[in-house]
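Now for the letters of each chain:
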Amino acid sequence: MNYYADPQKLTELKAKANRLPQTPGVYIMKDKKDVIIYIGKAKALKNRVTQYFGSGNQHTEKVKRMVSNVDHFEYILCDSEFEALILENSLIKQNQPKYNILLKDDKGYSYIKITNDKWKKLTTAKAADKNGEYIGPYSSAYVVKETVDEARKIFKLPDCTRSFDKPSKPCLNYHIGLCDAPCRGKISLADYLETVNSAVEFIKNGGSDSETVEKLEEKMLAAAEKLQFETAAKLRDRINAINKIREKQKVVRAPYKSEDVIASAIIGETACVEVIVFRNYRLSDKKHFIIDGVSDRENLYSEFLQRYYSDNTDIPSRVLIDTDSDFSLNERWLTEKSGHKVSFINPKQGEQKALLDMCLANAAENISEKTERTGREMSVLDELSRLLGLSSAPRYIEAYDISNTAGTENVAGMIVYKDARPFKPAYKRFKIKGFSGQDDFRSMAEVLDRRFTEYEKGEDEGFSVLPDLILLDGGLGQMSAVAPILQKHGITVPVFGMVKDSKHRTRAIAAQGGDIAIKSNRAAFTFITGIQDEVHRFAIGYHKNRRSKAMLSSELLEIEGIGKSRAAALLKYFKTVKAIKTASIDELAAVCGMNKSAAESVYRYFHTGNS
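Residues numbered from 1 in each chain as written. Predicted model: local features only at pLDDT ≥ 70, side-chain atom pairs only at ≥ 80, totals over all residues. Heavy atoms only, no water.

Asker: Break down the overall build of the protein for me, with residues and values.
Answerer: Counting secondary structure elements, the protein contains 20 helices and 19 strands. Relative to a compact globule of 611 residues, whose C-alpha radius of gyration would be 25 Å, the protein shows 34 Å and is clearly more extended. Based on the C-alpha atoms only, the size of the protein along its principal axes is roughly 105 × 75 × 50 Å. Counted over contacts in the protein with a minimum sequence separation of 6, partners at least 24 positions apart contribute 60%. Entry remark: accessible area of the protein is about 31800 Å², with carbon and sulfur atoms responsible for 48%. (Helix = DSSP H or I, 4+ residues; strand = E, 2+ residues; numbered from the N terminus. Rg over C-alpha atoms; globule rule 2.2 N^0.38 Å. Contact = heavy atoms within 4.5 Å. Areas by Shrake-Rupley, 256 points an atom, 1.4 Å probe, with all protein chains shown as cover.)

Asker: Tell me about empty space enclosed by the protein, and please be specific about residues and values.
Answerer: The method is simple in principle: a probe with the dimensions of a water molecule rolls over the atoms, and the space it marks as empty is what remains. Counted according to the given criterion, the structure contains one cavity of 30 Å³ or more. By volume, the largest cavity amounts to about 50 Å³. Lining the largest cavity, in full, are P158, D159, C160, F164, C171, N173, C179, A181, P182 and C183. In terms of residue class, the lining of the largest cavity is built from eight nonpolar, one polar and one charged. (1 Å grid on protein atoms, 1.4 Å probe; cavity = no way out; pocket = protein on both sides within 12 Å on 5 of 7 lines; lining within 4 Å. Points joined across faces, edges and corners; volume = space filled by probe spheres on them. Nonpolar A, V, L, I, M, F, W, Y, C, P; charged D, E, K, R; others polar.)

Asker: Describe the pattern of salt bridges, with residues and values.
Answerer: Summed over the entire model, instances satisfying the criterion amount to 31 salt bridges. Notably, a salt bridge pairs E274 with K286, separated by 4.0 Å at the nearest N-O pair. Of this pair, E274 sits in strand β8 (residues 270-279) while K286 sits in strand β9 (residues 282-292), and the two are twelve residues apart along the sequence. For K286, a relative accessible area of 28% puts it in the partly exposed group. The partner of D322 in a salt bridge is R386, with the nearest N and O atoms 2.3 Å apart. With D322 in the loop between β10 (318-321) and α11 (328-338) and R386 in helix α13 (residues 375-388), the pair connects residues that are 64 residues apart, well separated along the chain. Given the relative accessible area of 27%, R386 is considered partly exposed. When salt bridges that share partners are traced, they join R297, D322, D382 and R386 into one network. (Salt bridge = Lys/Arg side-chain N within 4 Å of Asp/Glu carboxyl O. Buried < 20%, exposed > 50% of the residue type's maximum accessible area, 1.4 Å probe, protein only.)

Asker: Give a description of the packing of helix α4 (residues 81-95) against α11 that names residues and reports values.
Answerer: At a minimum axis separation of 10 Å, α4 and α11 run at an interaxial angle of 60 degrees. Judged on the interaxial angle alone, α11 and α4 are oblique. Where α4 crosses over α11, the handedness of that crossing is right-handed. Here E81, F82, L85, I86 and N89 of α4 lie close against α11, whose contacting residues are L329, R332, W333 and E336. Taken together, the residues of the contact of α4 with α11 break down into five nonpolar, one polar and three charged. (Axes fitted to C-alpha atoms, helices over the stretch in contact; angles between N-to-C directions. Parallel < 35°, antiparallel > 145°, perpendicular 65-115°, else oblique. Left-handed = near helix turned anticlockwise from the far one by under 90°.)

Asker: Go over the sheet that holds strand β2 (residues 36-42) with me, naming the residues and quoting the values.
Answerer: Spatial ordering of the open sheet is given by β2-β1-β3, a layout of three strands whose pairing is antiparallel. A strand with exactly one partner marks an edge of an open sheet, and here the two such strands are β2 and β3 (72-77). Strand after strand, the sheet turns through a mean of 20 degrees between neighbouring axes, direction not considered. Examined bridge by bridge, strand β1 (residues 25-30) and β2 share six bridges and lie antiparallel to one another. Bridged to G25 within β2 is A42. (Pairing = 2+ DSSP bridges.)

Asker: Tell me what's going on with the side chain of K30, and back it up with residues and numbers.
Answerer: Take K30: it is sitting in strand β1. K30 has contacts with V35, I36, I37, N69, V70, D71, H72 and E74, leaving out every residue within four places of it along the chain.

Asker: Please give an account of the sheet that holds strand β6 (residues 132-138) that cites residues and values.
Answerer: The strand order across the open sheet formed by three strands is β5-β4-β6, and the pairing between neighbours is antiparallel. Two strands close off the open sheet at either side, each with one partner strand: β5 (122-125) and β6. Geometrically, the sheet is characterised by an average inter-axis angle of 25 degrees between neighbouring strands, direction not taken into account. The sheet contact formed by strand β4 (residues 110-115) and β5 spans four bridges and is antiparallel.

Asker: Describe in detail the state of the cysteines, supporting the description with residues and values.
Answerer: For the structure shown, the criterion picks out zero disulfides. C171 takes part in no disulfide bond, and the closest cysteine sulfur to it belongs to C160, at a distance of 5.9 Å. C171 sits in the partly exposed class, given a relative accessible area of 31%. (Disulfide = S-S within 2.5 Å.)

Asker: Please set out helix α14 (residues 440-457) residue by residue, giving values where relevant.
Answerer: In this model, α14 (18 residues) spans 26 Å end to end at C-alpha, consistent with the 26 Å of a helix rising 1.5 Å per residue. All buried positions along α14 are accounted for by S443, M444, A445, E446, V447, L448, D449, R451 and F452. Remark: G458 follows α14 within two positions and exhibits a positive phi of approximately 70 degrees. (Expected span 1.5 Å × (residues − 1).)

Asker: Which residues make up unusual backbone geometry, and what values go with them?
Answerer: For K156, which is not a glycine, the phi torsion comes out positive at approximately 50 degrees. On the secondary structure map, K156 appears in the loop between α5 (141-155) and α6 (172-175). The phi dihedral of A181 falls on the positive side, at around 55 degrees, and the residue is not glycine. By the secondary structure assignment, A181 is in the loop between α6 and α7 (189-204). Its relative accessible area of 2% is what places A181 among the buried residues.

Asker: Tell me about the nonpolar core, and name the residues and values.
Answerer: A general feature of soluble globular proteins is that nonpolar side chains tend to end up buried together. Among the nonpolar cores identified, the biggest contains 34 residues, and L381, I397, L471, F496, F527 and I531 are the most heavily contacted of them. Put simply, the parts of the chain that give this core at least two residues each are β7 (258-267), α12 (350-371), α13, β12 (396-405), β13 (408-418), β16 (469-473), β17 (495-500) and α16 (522-556). Core analysis: the second largest hydrophobic core is formed by 28 residues, I266, I291, Y309 and L329 among them. (Core = buried A, V, L, I, M, F, W, Y, C linked by side-chain atoms within 4.5 Å.)

Next comes the structure, spelled out in structure tokens:
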């Protein structure tokens, strides 16, 4: 509870929350200056508000900061949860509370700019000034960028900042056919400006539509009739480029006229919500929002959808979304707001699922910039969290495996994956000490007990981080064995098993409700297989190392005057028996615990044919 500076105030707020009714309503959190800092809705006010003043360990850092600033709260009772949603939305718009998701658009409008240089160029701009000609404004930066990119490709215009007054060596774009390279000095200024003007006309006429193609075809035929074959060829290339872009757009088309696709990737307490907008069957806009202080996907969407559609008048008839949560309140709200039926759908297969997967991949790619990982790595963590039913993607994963030979040299390995990659500085080895013989269940329990005892001590930095997920090599037996250990230490980290088939290959993930098949989820399957192979390699490597040392130690024990302590000391000092064999009597005697008599005994053993 140390997140709240005034325990007496916290007790007072908790008591007030416990007196709230179990009815729908809106609650309003205020600070000492009576400023509203958070507004929320609830189906049952008492249940929701008391959660804020309960165990701080359950809250995200953002919620902890909010609660620590609450001086008092007010509430408004409503007849239904839907009425509470409408009221909450209205109050947030009026007050803009600090801790609500506000989704402020700081991007403003975007423009297509034609520079006023001697060699004019097409580019994008955030504001219009006197340094060029502008087309716009556009509300979508995505539309501006796509339009400029299309125009450059069709008319083979440069995207560089070079000066074209002096000839120079062309860049890669020329060699792959994306630019006519005026930098070569083989295109006149007049011809270049004519091409730029054609591109501007193309943009003003609405881009790659049928009318534009028809006009270009007329010009191409006229040029051919006049035997201007080079001009005709250029026009033909432009028509082909437009058709290629059309084909590309057909690939990313929605089968419904008006549709939004929404997906999110959550890493730790940070989320990226991606929105892809389809209007008139075409992808018309794409945007993403980075949101901090996220606890889980359901709470994220509870706020995000209200904020996103609050001032949005362009509401689609369908919203594809990447969760099976109940969106009936949102459907009713948007249906009344737009005047037409709005449906939320979580497709499981087909074209619509492909669009949702594309949206999710974009969300993962965007959030990867914050974590310095690739979009693929962030995507597999998000996929794994959905597969296992976790509230967010597991950034810090620990995996454990036991290794022994008929109960001898019983050891365990612990590996760590951090942000989807092996984090070898945190790997740990364990020698089973609590019992002799072979018992994988007791071994796993002992290892987890020792691991979390070290966490509580706080002395070893390698044990200082609590994992987001624990994976055990094995099934329900291993999971059942460690459950009392986690309960003993008050650890609430989710634990799953990694189940192998008869050929020792990853088959499924063991969970309390039964095995979770993962082979159909290729990315997650490959990821889990990699973890299982890595922890097995690490554990068996440690086991082989100890077994090898035991065999070497047993040979040394045959030497007169050499017991377990001296054998261990010799191996620690010389590392190998070969080094011991080649050592002199003085070198052997210099080892801690040895004397000249013992050294002579070792030397005679390896130099009189006994070895």
